[in-house]
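# Summary of the model geometry
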Amino acid sequence: MYLSMTWVFILSMSSILDMTGCLPDKHLLSWLKPNPINILTLNAPPYFDSDLPQKMVTNLGDTAFLKCKVINLRNRMVSWLKTDPLQIISSGLYTFIKDPRYSSEYMEEENTWVLRITKVEYEDSGMFDCQVNTDPLMTYTVSLKVVKKDYRQFLNDAPQYAADPSVKILGGYEHLVKVGSVLNLTCVVTTPTSYNQMTRWLHNDRIVTPKTGVSLLSENTPHTSVSCLIIHRVQHRDAGSYVCAAGDMGHDMAVVGIIEEVTPVKSFLTHHMLIPFIVLLSISSFIIVLGIISTVARNSEEVDSCSRRKTDV
């Protein structure tokens, strides 16, 4: 009678096993857990040890260890697969994937199958299935998230990391603008969280507001805010320091210098006057040369006449 009640209890406990082969810990009594002398588990179906973590977070460049422990495996095979995209990684200790960073290992002392991924990259993030070739298949899913070192905030479930907050005025620290031209200062605010604060511009420690000749434009996305300060016709009073203040995110500063626009001297000669001017200049030069030649000739004659007079005397 006692033996019959024992077998009925064992059968009722086996019905609690779900399709994945996991037996909830609250239903697994200590005397039914596998041990070297527990003969009740010899013919029990395989199941996964649910005490191992199923969500892993690993820093970029480190080594990830995905663990899967199967009780009562006996002669069945353990395989590792990646679900998206679907890719068979290993079967037993044999690795199919060509990537040498992946390897399958078995820790005999802990009775645990380990998928090792060295020098993890963002693309390694995803869902990995530890499968046992039962009918139907038993599956134990482990997720891997690769994050930036020492910064474990994510934007979403994709393999990406949150950017450091920053405030930057594009174009560098110093801006030189000609009088009368357009000044465009663009400030980009990047933050890992949603940015709901207003970006302000200050000119020489005074808040800039839109007015005639001055425009303020802005565009916001969930994690980036762009603000543009446009002065349509720059004057000398617009010189000085400009600060883009983004509240708690910080600020950035740029210095604007105003330079005079150099106006080229207009020539008094037009295109139509150029050819006559050249002709007139040539004629004048020719007349001047003739005058010089005639003067030299006249002086030579006077010298000759003086020489003859002296000879006659």
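Calculation criteria
- Residues numbered from 1 in each chain as written.
- Predicted model: local features only at pLDDT ≥ 70, side-chain atom pairs only at ≥ 80, totals over all residues.
- Heavy atoms only, no water.
- Core = buried A, V, L, I, M, F, W, Y, C linked by side-chain atoms within 4.5 Å.
- Buried < 20%, exposed > 50% of the residue type's maximum accessible area, 1.4 Å probe, protein only.
- Helix = DSSP H or I, 4+ residues; strand = E, 2+ residues; numbered from the N terminus.
- Pairing = 2+ DSSP bridges.
- Disulfide = S-S within 2.5 Å.
- Polar contact = N/O pair within 3.5 Å; in protein donor to acceptor, adjacent residues only side chain to side chain.
- Contact = heavy atoms within 4.5 Å.
- Axes fitted to C-alpha atoms, helices over the stretch in contact; angles between N-to-C directions.
- pLDDT = per-residue confidence, 0-100.

### Let's talk about the nonpolar core
Core analysis: the largest hydrophobic core is formed by 25 residues, its most contacted members being F48, W80, L115, I117 and F128. Taken together, the elements giving at least two residues each to this core come down to β3 (64–71), β4 (78–83), β8 (112–117), β9 (126–132) and β10 (138–147). Per-element accounting of this core gives the leading share, five residues, to β10. Of all hydrophobic cores here, the second largest spans 20 residues; its members include V167, I169, L185 and W201.

### Description of the sheet that holds strand β19 (residues 251–259)
The five strands lie next to each other as β12-β19-β18-β14-β15, forming an open sheet whose pairing is mixed. Only two strands of the sheet have a single neighbouring strand rather than two, namely β12 (174–178) and β15 (206–207). Across five bridges, the pairing between β12 and β19 is parallel. Along β19, the bridge assignment pairs E174 with V255.

### Overview of the state of the cysteines
According to the stated counting rule, one finds two disulfides in the structure shown. A sulfur-sulfur distance of 2.0 Å marks the disulfide that ties C187 to C244. With the S-S dihedral at roughly -80°, the linkage between C187 and C244 falls on the left-handed side. Linking C187 in strand β13 (residues 183–190) with C244 in strand β18 (residues 240–245), this pair joins segments that are 57 residues apart in sequence. For C187, a relative accessible area of 1% gives the class buried. Disulfide connectivity for the protein chain, with bonded cysteines indexed by sequence position, reads 1-2, 3-4.

### Digging into the side chain of K82
When you line up the elements, K82 lands in strand β4. Engagement of the side chain of K82 in a polar contact is seen with the backbone oxygen of E123, the distance being 3.0 Å. Not counting the four nearest positions on each side in its chain, K82 is found in contact with Q87, I89, E123, D124, S125, G126, M127 and F128.

### Notes on the sheet that holds strand β11 (residues 166–169)
Spatially, β11-β13-β17-β16 is the arrangement adopted by the four strands of the open sheet, whose pairing is antiparallel. Sheet topology places β11 and β16 (214–220) at the edges, where each strand pairs with a single neighbour. In this sheet, neighbouring strand axes are inclined to one another by 15° on average, regardless of whether the strands run parallel or antiparallel. When β16 meets strand β17 (residues 224–231), the two strands line up antiparallel, connected through seven bridges. Following the sheet pairing, L217 is matched in β17 by C228.

### A word on the confidence of the model for the protein chain
This prediction gives the protein chain a mean pLDDT of 77; 72% of its residues lie at or above 70. Across residues 1–11, confidence stays below pLDDT 50; counting only partners more than four residues off in sequence or on other chains, it has three contacts. Residue range residues 13–32 is modelled with pLDDT below 50. Its contacts to residues more than four positions away, or to other chains, number 35 contacts.

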